[in-house]
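Residue-level structural notes
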Amino acid sequence: MPYVTPSHPAPAPRSRPRRAGRWSRAVSALAAALTLATGAALIPQAAEAQAAVTRAAVGPAAAPQAAPRVAAALERVANFGANPGALTMYVHRPAALPANAPVVVALHGCTQSAQVYADNSGLDTFADRHGFLVVYAETTTANNANKCFNWFQPGDTRRGQGEAASIRQMVAHATTAYGTDPARAQVTGLSAGGAMTSVMLAAYPEVFAAGAVVAGIPYGCGVDVVSAFSCMSPGADRTPAAWAQAVRDAHPGYAGPWPRVAIWHGDSDATVAPRNADELRDQWTAVHGIGQTPSRTSTLGPNNTRRSEYVSAGGQTAVEVDKVPGIGHGTPVAPGGGPEQCGATGTQHFIASICSSYWITKFFGLDGTTTEPPTEPPVDPPTPPAACWTASNYEHVRTGRATTTGGYVYAKGSGQNLGLYNTFVTHTLKESPAGHYTIATGSCP
């Protein structure tokens, strides 16, 4: 077709004013001030956050990377229509793409490319298996010095503007050029791409049936590089109503239906604090008008990923949170040829654990199973054992197990006072049920 060309070599970016220079100067000054203010006890955390913000967005660190396992080259779409965000569109099209196929938009992390994300995330495996189109949006160094989607820049995150508008146009082009079903569009992404996934779900809720945010940020958290730093770590603590209002303000007057949302996060993520998963849950459960107590909990895979589901009045899972134990910042993958395996780990920030793309595909309803509400009430699986963490008050706040107000720390869920917000006071917290923490009193495993 005339509008499709091979993905390599990459095209020259479209002309767009560079914005990274003033960000880098502002970030360097901010990082230096924060390092002095936090003191030696917090230098490791501050250094990692400084490196992430210097990239001007959530995303992987710029570091030499091993050559990824090369899958089939993506097809570049040379002209997909209006492109105010100066992005590039690529597609993975299965050999036998059925008529009215679903489409999944995939958004890479910082320093990555569409091809790297395709080669390692495992999404193409399930596109080939189940017959859906994958659209890979790619940003450039002209937009952001480290190829991060600008999830914190108002000019790129509002309906009809910048990068958000370009991604929406890619979905429209997929319908006209590939015959995809506009009612079955989904979006997912890692890190900066995960934060941009939040943007797309909020700005274009009528376009996307569902989304999956991997190691991302709630919509409306960051509005510039300074606030982006805070959103990443320790994260922002707002009420569910406040988070939901940010989504509603993105498309005033829209009354639903709202996209379903899956949230994936490593519980040892030192770049984007795990509390962001809880804030995302608060945001989207409130948008759907349901509570923040899970309707059911379970574990997935050999590593016992903890799943919490929040079910709508109609019986369908509107929001789910998947917390992956023992991994840091990245996309969980499980290399291999098994039915629940996918991806590769030769590139930074694709972490051997569980194939998140398998479960995301299933959540989207693209694996051939129905996503309609069950005819019988769901039967909860056995409640998993309570999880316990021993850490300083600072670390409990950073990882989302507690909040801080007026210099004191309070356990999330129970509201128990843990004492001063610092690195010297230590407590063991027990989580039971999911998202509800209490001070352990000899009952931890």
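- Per an unreviewed UniProt entry, the protein chain goes by PHB depolymerase family esterase and derives from Streptomyces microflavus.

1. So, the packing of helix α6 (residues 162-178) against helix α7 (residues 192-203)
- Axis separation between α6 and α7 bottoms out at 10 Å; the angle between their running directions is 75°. Taken as axis vectors, α6 and α7 run roughly perpendicular relative to one another. Of the residues in α7, those in contact with E163, A164, I167 and R168 of α6 are M196, V199 and M200.
- Grouping the constituent residues of the contact of α6 with α7 by class yields 5 nonpolar, no polar and 2 charged.

2. Thoughts on α7
- Taking 1.5 Å of rise per residue, 12 residues should cover 16 Å, and α7 covers 16 Å from first to last C-alpha, within 8% of that figure.
- Counting buried residues along α7, 12 of its 12 residues qualify, which places the element largely inside the surrounding structure.

3. Overview of the side chain of Q186
- In this fold, Q186 is placed in strand β6 (residues 185-190).
- Beyond its immediate stretch of four places on either side in the chain, Q186 contacts V103, V104, V105, F208, A209, A210, F364 and L366.

4. A look at the sheet that holds strand β14 (residues 387-392)
- Taken in spatial order, the 3 strands line up as β14-β18-β19 in an open sheet, and their pairing is antiparallel. Strands with a single pairing partner mark the edges of an open sheet, and in this sheet they are β14 and β19 (437-439). Sheet twist, expressed as the mean angle between neighbouring strand axes with direction ignored, is 35°.
- As paired strands, β14 and strand β18 (residues 426-431) are joined by 6 bridges and run antiparallel to one another. Within the sheet, the bridge partner assigned to W389 lies in β18 and is L429.

5. Describing the nonpolar core
- In this structure, V135, W151, F208 and W284 are the most contacted members of the largest nonpolar core, which totals 66 residues.
- Membership of the second largest hydrophobic core comes to 36 residues, among which are A114, F126, V134 and A334.

6. Quick word on the pairing of strand β3 (residues 88-92)
- Counting buried positions along β3 gives 5 out of 5 residues, so the element sits mostly inside the fold.
- Judged by which residues are buried, β3 turns out to be covered on both faces: T88, Y90 and H92 on one side and M89 and V91 on the other are all buried.
- Looking at chain direction, strand β2 (residues 75-77) and β3 are connected through 3 bridges and run antiparallel. Each bridged residue has a counterpart across the sheet, and for E75 the counterpart in β3 is V91.
- The sheet contact formed by β3 and strand β5 (residues 133-138) spans 5 bridges and is antiparallel. Across the sheet, residue Y90 finds its bridge partner in β5, namely Y136.

7. Details of the state of the cysteines
- The final tally for this structure, using the stated rule, is 3 disulfides.
- Covalently, C110 is tied to C148 through a disulfide, its sulfur atoms 2.0 Å apart. Taking the torsion about the S-S bond as the criterion, the C110 to C148 disulfide, at about 130°, is right-handed. One end of the pair, C110, is in the loop between β4 (103-107) and α3 (114-121); the other, C148, is in the loop between β5 and α5 (154-157), and 38 residues separate them in sequence. Like C148, C110 is buried.
- The partner cysteine of C221 in its disulfide is C231, sulfur to sulfur 2.1 Å. Classification of the bridge connecting C221 and C231 rests on its S-S torsion, roughly -105°, and on that basis the disulfide is left-handed. In this pair, C221 is assigned in the loop between β7 (210-214) and α8 (225-232) and C231 in helix α8, connecting sequence segments 10 residues apart. We note that C221, like C231, is buried.

8. Section: the environment of A313
- Within the fold, A313 resides in the loop between β10 (305-311) and β11 (317-324).
- Sequence separation between A313 and I290 is 23 residues, and the spatial gap between their C-alpha atoms is 8.0 Å.

9. Concerning the pairing of β10
- β10 sits mainly inside the fold: 6 of its 7 residues count as buried.
- Looking at chain direction, strand β9 (residues 296-300) and β10 are connected through 5 bridges and run antiparallel. When the bridges of β10 are listed, T299 appears paired with R306.
- As consecutive antiparallel partners, β9 and β10 are separated by 4 residues, and within that stretch G301 has a phi angle of approximately 70°, a positive value.
- Between β10 and β11, which pair antiparallel one after the other, the connecting turn spans 5 residues, and G315 there sits at a positive phi close to 95°.

Each value, and the rule that gives it
- Residues numbered from 1 in each chain as written.
- Predicted model: local features only at pLDDT ≥ 70, side-chain atom pairs only at ≥ 80, totals over all residues.
- Heavy atoms only, no water.
- Axes fitted to C-alpha atoms, helices over the stretch in contact; angles between N-to-C directions.
- Helix = DSSP H or I, 4+ residues; strand = E, 2+ residues; numbered from the N terminus.
- Parallel < 35°, antiparallel > 145°, perpendicular 65-115°, else oblique.
- Contact = heavy atoms within 4.5 Å.
- Nonpolar A, V, L, I, M, F, W, Y, C, P; charged D, E, K, R; others polar.
- Expected span 1.5 Å × (residues − 1).
- Buried < 20%, exposed > 50% of the residue type's maximum accessible area, 1.4 Å probe, protein only.
- Pairing = 2+ DSSP bridges.
- Core = buried A, V, L, I, M, F, W, Y, C linked by side-chain atoms within 4.5 Å.
- Disulfide = S-S within 2.5 Å.

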